[in-house]
Amino acid sequence: MITQQVAPISKLRHKDLLGISDLTRDEILLILETAEAMREIGERPIKKVPALRGKTVVNLFFEASTRTRTSFEIAEKRLSADTLNIAAGTSSVVKGETLVDTALNLEAMAPDMIVVRHAYSGACHLLSRICRAGIINAGDGMHEHPTQALLDAFTIREHKKRIAGLKVAIIGDLLHSRVLRSNVQLLTKLGAEVWVSGPPTLMPPGIEREGVRTTTSVDEAVEGADVVMLLRVQLERMQGSFFPSLREYFTVFGMTRERLRRAKQDVIIMHPGPMNRGVEIDSEVADGPYSVILEQVANGVAVRMAVLYLLAGGAEHETAV
Amino acid sequence: MKRLFKGGRVVDPANGRDGTFDVLIDGDRIVRVGKDLPADGAHVVAVPAGFVVTPGLFDMHVHLREPGQEHKETVATGAAAAVAGGFTAVACMPNTSPINDNAGVTEYILQKAAHAGLARVYPIGAVSKESKGEQLADIAELRAAGCVGISDDGYPVKTALLMRRALEYAGMFNMPVLEHCEDPSLKGDGVAHEGYHASTLGLRGIPGIAESIMVQRDIALAEMTGAAVHVCHMSAATSLRAVREGKAYGVRVTCEVAPHHFTLTDESLATPVSYDTNMKMNPPLRSAVDRDDMLKGIVDGTVDAIATDHAPHHYDEKKREFDLAPFGIVGLETCVSICFDRLVHPGLIRLSRLVELLSTNPARILNVAAGSLSDGAIADITVLAPDMTVTVDAARFRSKSRNTPFDGWQLKGGVAATIVGGRTVYVNEHASGADILR
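Residues numbered from 1 in each chain as written. Chains lettered and ligands numbered in written order. Predicted model: local features only at pLDDT ≥ 70, side-chain atom pairs only at ≥ 80, totals over all residues. Heavy atoms only, no water.

A. Seen up close, the overall build of chain B. Helix and strand counts for chain B stand at 13 helices and 18 strands. Against the 2.2 N^0.38 benchmark of 22 Å for 438 residues, chain B shows a C-alpha radius of gyration of 21 Å, consistent with a compact globule. Expressed as lengths along the three principal axes of its C-alpha atoms, the size of chain B is roughly 65 × 50 × 40 Å. Per-residue burial over chain B gives 63% buried out of 438 residues. Long-range contacts, defined here as pairs at least 24 residues apart, represent 75% of the contacts in chain B between residues at least 6 apart. (Helix = DSSP H or I, 4+ residues; strand = E, 2+ residues; numbered from the N terminus. Rg over C-alpha atoms; globule rule 2.2 N^0.38 Å. Buried < 20%, exposed > 50% of the residue type's maximum accessible area, 1.4 Å probe, protein only. Contact = heavy atoms within 4.5 Å.)

B. Representation of the overall build of chain A in the model. Scanning chain A from terminus to terminus reveals 11 helices and nine strands. The C-alpha radius of gyration computed for chain A amounts to 19 Å, which stays within 12% of the reference 20 Å derived for 321 residues, consistent with globular compactness. Principal axes of the C-alpha set define a box for chain A whose edges measure 55 × 50 × 35 Å. Residues classed as buried in chain A amount to 59% of the 321 residues present. On chain A, roughly 12,900 Å² of surface is accessible, and the fraction owed to carbon and sulfur atoms is 52%. Once the 38 positive and 39 negative side-chain charges of chain A are each reduced to a mean point, those two points are 2 Å apart. (Areas by Shrake-Rupley, 256 points an atom, 1.4 Å probe, with all protein chains shown as cover. Lys, Arg positive; Asp, Glu negative; His and termini not counted. Charge placed at Lys NZ, Arg CZ, Asp CG, Glu CD.)

C. Quick peek at the confidence of the model for chain A. Per-residue pLDDT for chain A has a mean of 92; in total, 94% of the residues score no lower than 70. Overall, residues 315–321 of chain A carries pLDDT values under 50, and its contacts beyond four positions in sequence, including any with other chains, amount to 11 contacts. (pLDDT = per-residue confidence, 0-100.)

D. Inspection of the packing of aromatic side chains at higher detail. Residue and element names in this part refer to chain B. Overall, the coordinates contain five aromatic pairs over all chains when judged by the stated rule. Ring geometry for phenylalanine 58 against tyrosine 122: centres 5.4 Å apart, planes inclined by 25 degrees, an arrangement best described as stacked. Here phenylalanine 58, found in strand β6 (residues 57–62), pairs with tyrosine 122, found in strand β8 (residues 120–125); they are 64 residues apart in sequence, far enough to count as distant. Judged by centre distance (5.9 Å) and plane angle (80 degrees), the ring pair of tyrosine 169 and phenylalanine 173 falls under edge-to-face. (Phe/Tyr/Trp six-rings, centres within 6.5 Å; stacked < 30°, edge-to-face > 60°.)

E. Up close: a nonpolar patch on the surface. Residues and elements named next belong to chain B. Residues Leu186, Ile209 and Ile213 make up a contiguous nonpolar surface patch of roughly 230 Å² in combined accessible area. Tracing the chain through its elements places leucine 186 in helix α5 (residues 184–187). Under the relative-accessibility criterion, leucine 186 is labelled partly exposed at 35%. (Patch = residues over 30% accessible without salt bridge, like charges linked within 9 Å, V, L, I, M, F, W, Y side chains within 5 Å. Salt bridge = Lys/Arg side-chain N within 4 Å of Asp/Glu carboxyl O.)

F. Spotlight on the sheet that holds strand β3 (residues 113–118) of chain A. Residues and elements named next belong to chain A. Read across the open sheet, the four strands follow the order β2-β1-β3-β4; overall the sheet is parallel. Strands at the two margins of the open sheet, each flanked by one partner only, are β2 (82–87) and β4 (134–140). Across the sheet, the mean angle separating the axes of adjacent strands is 15 degrees when strand polarity is ignored. Bridge count for strand β1 (residues 56–61) against β2 is six bridges, and the pairing is parallel. (Pairing = 2+ DSSP bridges. Axes fitted to C-alpha atoms, helices over the stretch in contact; angles between N-to-C directions.)

G. Representation of the interface of chain B and chain A. Taken together, the 19 residues of chain B in the interface contact 22 residues of chain A. Summing the contributions of chain B and of chain A, the shared interface buries around 1,700 Å²; its carbon and sulfur component is 57%. On the chain B side of the contact with chain A, B:Tyr196, B:Tyr275 and B:Glu321 bury the most area, a combined 33% of that side's loss. Linking chain B with chain A are zero salt bridges. (Buried area = accessible area lost by both parts, 1.4 Å probe.)

H. Highlighting the pattern of salt bridges. As enumerated under the stated definition, the model contains 42 salt bridges over all chains in all. In this structure, B:Asp218 engages B:Arg217 in a salt bridge whose closest nitrogen and oxygen atoms are separated by 3.0 Å. The residues B:Asp218 and B:Arg217 share a single accessibility class, namely buried. For the salt bridge of B:Lys247 with B:Asp304, the shortest nitrogen-to-oxygen distance reads 2.6 Å. With B:Lys247 in helix α8 (residues 237–248) and B:Asp304 in the loop between α10 (288–300) and β15 (305–306), this pair connects stretches of sequence that are 57 residues apart. Residues joined in a network through salt bridges with shared partners are A:Asp219, A:Glu223, A:Arg259 and A:Arg262.

I. Structural context of the nonpolar core. Membership of the largest hydrophobic core comes to 95 residues, with the highest contact counts inside it found for B:Met234, B:Phe262, B:Ile306, B:Leu343 and B:Leu354. The dominant element in this core, judged by the number of residues it contributes, is helix α12 (residues 335–344) of chain B, at seven residues. If near-sequence neighbours (up to four positions away) are discounted, B:Phe262 is found in contact with B:Val257, B:Arg291, B:Met294, B:Leu295, B:Ile298, B:Ile306, B:Ile338, B:Cys339, B:Arg342 and B:Leu343. Core analysis: the next-biggest nonpolar cluster, separate from the first, contains 66 residues, A:Ile156, A:Val194, A:Ala302 and A:Leu310 among them. (Core = buried A, V, L, I, M, F, W, Y, C linked by side-chain atoms within 4.5 Å.)

J. Representation of α8(B) in the model. Residues and elements named next belong to chain B. Between the first and last C-alpha of α8 there are 17 Å, a value that for 12 residues agrees with the 16 Å anticipated at 1.5 Å per step. Each element contacted by the buried residues of α8 is listed here: α7 (209–225), β13 (229–231), β14 (253–257) and α10. A positive backbone phi angle near 85 degrees is found at glycine 250, which sits one or two residues after α8. (Expected span 1.5 Å × (residues − 1).)

K. Structural view of the sheet that holds strand β8 (residues 227–230) of chain A. Residue and element names in this part refer to chain A. Pairing within the open sheet is parallel, and its five strands lie in the order β7-β6-β5-β8-β9. Each having just a single partner strand, β7 (213–215) and β9 (268–270) make up the two edges of the open sheet. With direction set aside, neighbouring strand axes in the sheet form an average angle of 20 degrees.

L. Expanded view of unusual backbone geometry. Residue and element names in this part refer to chain B. Residues glutamate 66 and proline 67 are joined by a peptide bond in cis, for which omega reads 10 degrees. One can find proline 67 in the loop between β6 and α1 (75–84). With omega at 5 degrees, the peptide bond leading from threonine 271 into proline 272 counts as cis. With respect to the element layout, proline 272 can be found in the loop between α9 (259–263) and α10.

M. Representation of the side chain of A:Gln148 in the model. Inspection of the secondary structure assignment puts A:Gln148 in helix α5 (residues 146–160). In this structure A:Gln148 touches A:Val179, A:Pro272, A:Gln296 and A:Arg304, once residues within four positions along its chain are discounted.

N. Expanded view of the state of the cysteines. All names here are of chain B. Counted by the stated rule, this structure contains zero disulfides over all chains. Cysteine 147 carries a free sulfur, and the closest cysteine sulfur to it, the one in cysteine 92, is 7.9 Å from it. Note on cysteine 255: no disulfide assigned, nearest cysteine sulfur contributed by cysteine 181 at a separation of 10.0 Å. Under the relative-accessibility criterion, cysteine 255 is labelled buried at 0%. (Disulfide = S-S within 2.5 Å.)

O. The side chain of A:His125, seen in detail. Along the chain, the position of A:His125 falls in helix α4 (residues 123–130). Setting aside chain neighbours within four positions, we find A:His125 in contact with A:Leu18, A:Asp140, A:His143, B:Ser274 and B:Tyr275.

P. Layout of the environment of B:His63. Residue and element names in this part refer to chain B. Examined against the element boundaries, histidine 63 turns out to sit in the loop between β6 and α1. Given the relative accessible area of 5%, histidine 63 is considered buried. The sequence separation of histidine 63 and proline 312 amounts to 249 residues, and the corresponding C-alpha distance is 7.2 Å. Contact partners of histidine 63, with chain neighbours within four places excluded, come to Met93, Asn95, Asp153, Asp309, His310, Ala311 and Pro312. Within the structure, histidine 63 has its side chain in polar contact with the side chain of histidine 61 (distance 3.5 Å). A polar contact of 3.1 Å, which involves the side chain of histidine 63, links it to the side chain of aspartate 309. (Polar contact = N/O pair within 3.5 Å; in protein donor to acceptor, adjacent residues only side chain to side chain.)

Pasting the structure below:
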C-alpha cells in the first residue's frame, strides 16, 4: 500500500516510548506500517483481537485529556488488555504523594505498560528509570507527545502516500507545544521540508538546529505547502504577554481561507486539538474540505494500538493479530 | 606545640612565594616561613615530595542550611565537608530558616561552628529583613555579631533603590554586598539555560541576560556609591564583559565563578542522562560559549574567586520532576580536584593563580585576615596533592547530601591535609604519605 518507505525491521529497541527523538527512521516506519494492520481491526464487526490478553495497562493521567486518554483506552481494549485509568484528581497525588512514590506503588502491582500524561517535561523519563513496566509518553509538559506525531504522520501518508519531500507548515504557539517538538523530530527524520511559523515571542530557541525553516510570515510558511498544521494557542499561558490579544493573533497568524490559497491545491489541514476557533484557525478552514482533523482522531486509535502491540505484545503474539 | 614543615613546595601568592620553604608553626600561629629554618625544638614534619603547602583555602559561597533545613546539611557536616575539600574557611549564605538577618541567628551559626571545631565559618548576613527586599536588616548588629558581608542570596536585592542604600550603608563598614544577580522577570519560571537544549527538552529557559542585566545595574550603583559589590556565582559571558568593563573604569566590583560553570554546559541536560536533576542549579549550566568565557576570565584575571555555591539537598528533593526539584549541587568536596584537573593540569593557570582564586582573593574580598602564610598569621594551611588521582565517590562525602553531577568522575589533583589554627583537622587517607601531616 505504501511503497515509498518500508521498515526493514520487525521490532523496537526500547521498552518505552518516551519521545520520537529516541526512535530511528526505521522504527517510525515500523509503527506506521503496524498501524495499517491495526486499522483494519477497527473496521471489523467484532473490533477485538487477543494480542494483549493477560497484559495490564495503566493509563496514568496527571493532566486533563479527552482525546488522548480515550484513544489509548479504546486501543488497549481492542487489543484485549486489562486497562485501568488513574486521573490525578482522584489519586493519592491530591494527598501529596510524589510522582516517584505513585509510580513505585503502581509498579508493585506489576502492570506491563503505563501510559503517562504529565504537566512537566521529563516526567516519563523519570518513571522509565524506576519502573520495570514499559512507559508510553502520552504528553509530558512542553517536551514531546510522540503518539500524536505518529498519528499525524499516519494521516499525512494516507493522503499523500509519502512524507519525504513534502512541505509541511506548522503554525501557532511553537514554544509551549509538545506536539511541535514530536512532529519536528518525526517529519525531519522522514525527510519532509518543515517550516514553522508563529510570533517571535513563541519561537523555541535554537529550533533551526533541528533542520527546520523558521519564519514569522505565515504566508511564507504556507506558500506551496502540502500540509498545514495548526497548533493550539495555549490560552492558559497567555499571562506571559507573548502577544497583545487573541484578536490580533488571529489577524496576524490565524489560518483563513484567503491565507490558505497560497498552499498547494490538495493541501490538507491538521490540528491536534483542542481547537480555538477564531484564534489559530478560522471555522471555515477547520470545517472545510481540506480539513483532516477528525481523521487524525480516528487514526489515533490504530497508531496507539500499534505502539502498544509493538512494546507490550512483541513477537510471540504476531500471529494473534 | 611547635611543628616545622620542612622542605615542601610553598605557594603563597600574598607573599610572592612559590618555591621550597620551611613553615614553622607554634600553637595556632605561623611563626616563620623561610629557607632552612632550624628545628629549634619543633616537631619536624618532612613534607612528602609532590605535596604543596598553601594558605588555607576559603570557599566564600556555601549554604550550610542550619538553622532550619538540617535534613540537608548542618554547620557541623558542612564544616566537615569543607575540611575534606581542603577548605579551612567558608562563608555561609543567610538563606536559612529563619533568615540570618539578626545577631541571634549569626551567633547560633557561630556557636555551631565553634562546637564542630573544623573549618572556620564566616556568616554572611541578609541585606534586608527576611531577605524580602523591603527594609534593610540591622547591618551593624550583624557585623558586630560576626558577619563579614551581606547578601539576599537566593534572590537579588529587590530594587535598585534598596541596593543603592545597602551599598551606601554597608560601605560605611567596608563590608561588601554579595549579589545574586538575576532579573526576576527575565528569569520567570525558568529552570534551565535558555537555549537549544532546554528548548528541545521542553524546559523553560533562563537567559544569560537575566544575570548580566542585574550585574550591570549593580556595577552602576557601585560606581555611584563608591562601595564594593561582589557578583556571586557568575555564569554568563555578558556578565563577565560587564565586570571587565566595570573594573576598567575603576569600579569596586569583584566576582566569583563556581566549578560547575567552568566545567559543564547545558548539553548535560540531555546527555548522558536527560533531565538529571543534579544538572539543575541557579544560575543554570550555560552554553559552551559562556563556559569558555568563564575559563577566559579565570585566566585573564577578571574572575577574582572560585566559590562552590555548595547547595546541599536531600535525595528525596532531587528525585522529582525536573521542574519541581530544587536548584543547586554540593561542591565543597569536589572543587579542588576539578580546579586541578580543568585549570592547572591543562596549563590554563599556574598553581599560584589557583591559590589566589581559592584563598588570597576570597579573604581579601571579605576583609578577613586569612589567605596568606605571613609570619604571625593564623596557621590555616592546606596541603595539596596535585598529582594524586581522585575518583569522586558521592557515597563517601562528609556532607549530608550527595547531589553532585561529578559522581564517578576521575580527576587528577586533590587534598592531602587541612590544618586549621595549627591543628590538623583532616588527612586524606588516599593521599599516600599524608599521614605524616597528622
